[in-house]
Amino acid sequence: MSENILFPTELIEKLRQAKKVMVLTGAGVSAESGLPTFRDMLTGLWENYDPTELATPQAFSKNPKLVWDWYAWRKERALEVKPNAGHYALAAMEKHIPDFYLFTQNVDGLHQEAGSQKIAELHGNIRKYKCFAENTPVESWESSEETPPRCPRCGSYVRPDIVWFGESLPERVLQAAFDMAQNCEIFFSIGTSGTVQPAAYLATLAEQTRATVVYVNLEVKTGRRGNIYNFNAKSGELLPALVKATWS
Ligand code: OAD
């Protein structure tokens, strides 16, 4: 299947020559690993909940056990699955480009598991925890029956180290992403619906600064408009094919 994807020659040539490349990924990249995308997530036990209403500090204050259990369920699924060919292709791409950076909105840790090293997490990581009151990392806590557990320093609840709706993204990471979006030669937006700010604005910035922008998701219509290339394709198929067409 991936062998059949045809890439415009000038895109391959640009990628081969590129010195500075930025990639933004979203939930779609992990779909082929078996993790549902953010907006498809609520099946089974959770089908009556709205994710945008669970992923907030207000929801945690109101019902900490409910939000904790939702993240525990998601973490369990993230730990069960493996990176897919799309994750590995991005880890391979990193090695060919002198100034490469991957910014991910995903919290599942699969890019790192696939070997990506030049990576920053915009929305945190579901495998990490912090104190709800003090925002400081919490690595362990005393086991007890209580859910969520308590911070060993201050006794407040422990929460997942995730950026929730209404919270700020880590400032230095976001600033680095804005800088890179304005200075890269090629910007890839992969497996993201581009609906959640400020991450979504990064592609707009890259378009405005006339970078070559490549969108890969299941919503766009495949085609080219000036410097913008759209691929309606699965990242686990398109990315390995792109890496192969460019560097082998
Ligand atoms: P979404 O669920 O909004 O969008 C997933 C995108 O992936 C859609 O555009 C799909 O077409 C595309 N897609 C699905 N399967 C794919 C595949 N195999 N290959 C390529 N693309 C595929 O997820 P995000 O854009 O990541 O934030 O959502 C952004 C943020 O919204 C999440 O990080 C989360 C949520 O709010 C927080 O939790 C803070």
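Not measured: the values here are computed from a predicted model.

Calculation criteria
Residues numbered from 1 in each chain as written. Predicted model: local features only at pLDDT ≥ 70, side-chain atom pairs only at ≥ 80, totals over all residues. Heavy atoms only, no water. Core = buried A, V, L, I, M, F, W, Y, C linked by side-chain atoms within 4.5 Å. Buried < 20%, exposed > 50% of the residue type's maximum accessible area, 1.4 Å probe, protein only. Helix = DSSP H or I, 4+ residues; strand = E, 2+ residues; numbered from the N terminus. Contact = heavy atoms within 4.5 Å. Pairing = 2+ DSSP bridges. Right-handed = clockwise from strand over helix to strand, strands pointing away. Axes fitted to C-alpha atoms, helices over the stretch in contact; angles between N-to-C directions.

Q: Residues and numbers for the nonpolar core, please.
A: In this structure, Val21, Met93, Phe188 and Phe231 are the most contacted members of the largest nonpolar core, which totals 28 residues. Looking at this core, the elements with two or more residues in it are α1 (9–17), β1 (20–25), α6 (85–96), β2 (99–104), β6 (186–190), β7 (212–217), β9 (228–232) and α10 (235–247). Among the elements that take part in this core, α10 stands out by supplying 5 residues, more than any other. Sequence-distant contacts of Met93, defined by excluding residues within four places in its chain, comprise Leu15, Phe100, Phe188, Leu242, Val243 and Trp247. Counting 24 residues, the second-largest nonpolar core is a separate cluster that includes Ala120, Ala181, Val213 and Tyr215.

Q: Any chance you could break down the pairing of β7 for me, citing the residues and the numbers?
A: Counted residue by residue, β7 has 6 buried out of 6 residues, so it is predominantly covered. The side-chain alternation of β7 yields two buried faces, one formed by Thr212, Val214 and Val216 and the other by Val213, Tyr215 and Asn217. Judged from the 5 bridges that link them, β6 and β7 form a sheet pairing that is parallel. Paired with Ile190 across the two strands is Val216, which belongs to β7. Each parallel crossover has a hand, and for β6 linked through helix α9 (residues 201–208) to β7 it is right-handed. Two elements, β7 and β9, share 5 bridges in a ladder whose sense is parallel. Looking at the pairing, Asn217 lines up with Asn232 of β9.

Q: Describe in detail the environment of Cys154, supporting the description with residues and values.
A: Tracing the backbone shows Cys154 in the loop between β4 (124–131) and β5 (158–162). When its relative accessible area of 36% is taken as the criterion, Cys154 is described as partly exposed. Taking the C-alpha atoms as reference points, Cys154 and Phe132, separated by 22 residues in sequence, lie 9.9 Å from one another. Not counting residues up to four positions away in its chain, the partners in contact with Cys154 are Cys131, Ala133 and Glu134.

Q: Give me the sheet that holds β9: which residues, what numbers.
A: What the 7 strands build is an open sheet, ordered β3-β2-β1-β6-β7-β9-β8; its pairing is mixed. Strands with a single pairing partner mark the edges of an open sheet, and in this sheet they are β3 (119–121) and β8 (223–225). Going from strand to strand, the sheet's axes swing by 15° on average, the running direction of each strand aside. Direction of pairing for β1 relative to β6: parallel, over a ladder of 5 bridges. Within β6, the position partnered with Met22 by the bridge is Phe187. Contacting β1, β2 and β6, α6 crosses the sheet at an angle of about 155° to β2. Contacts between α9 and the sheet are confined to β1, β6, β7 and β9, with β7 contributing the most and set at about 145° to the helix.

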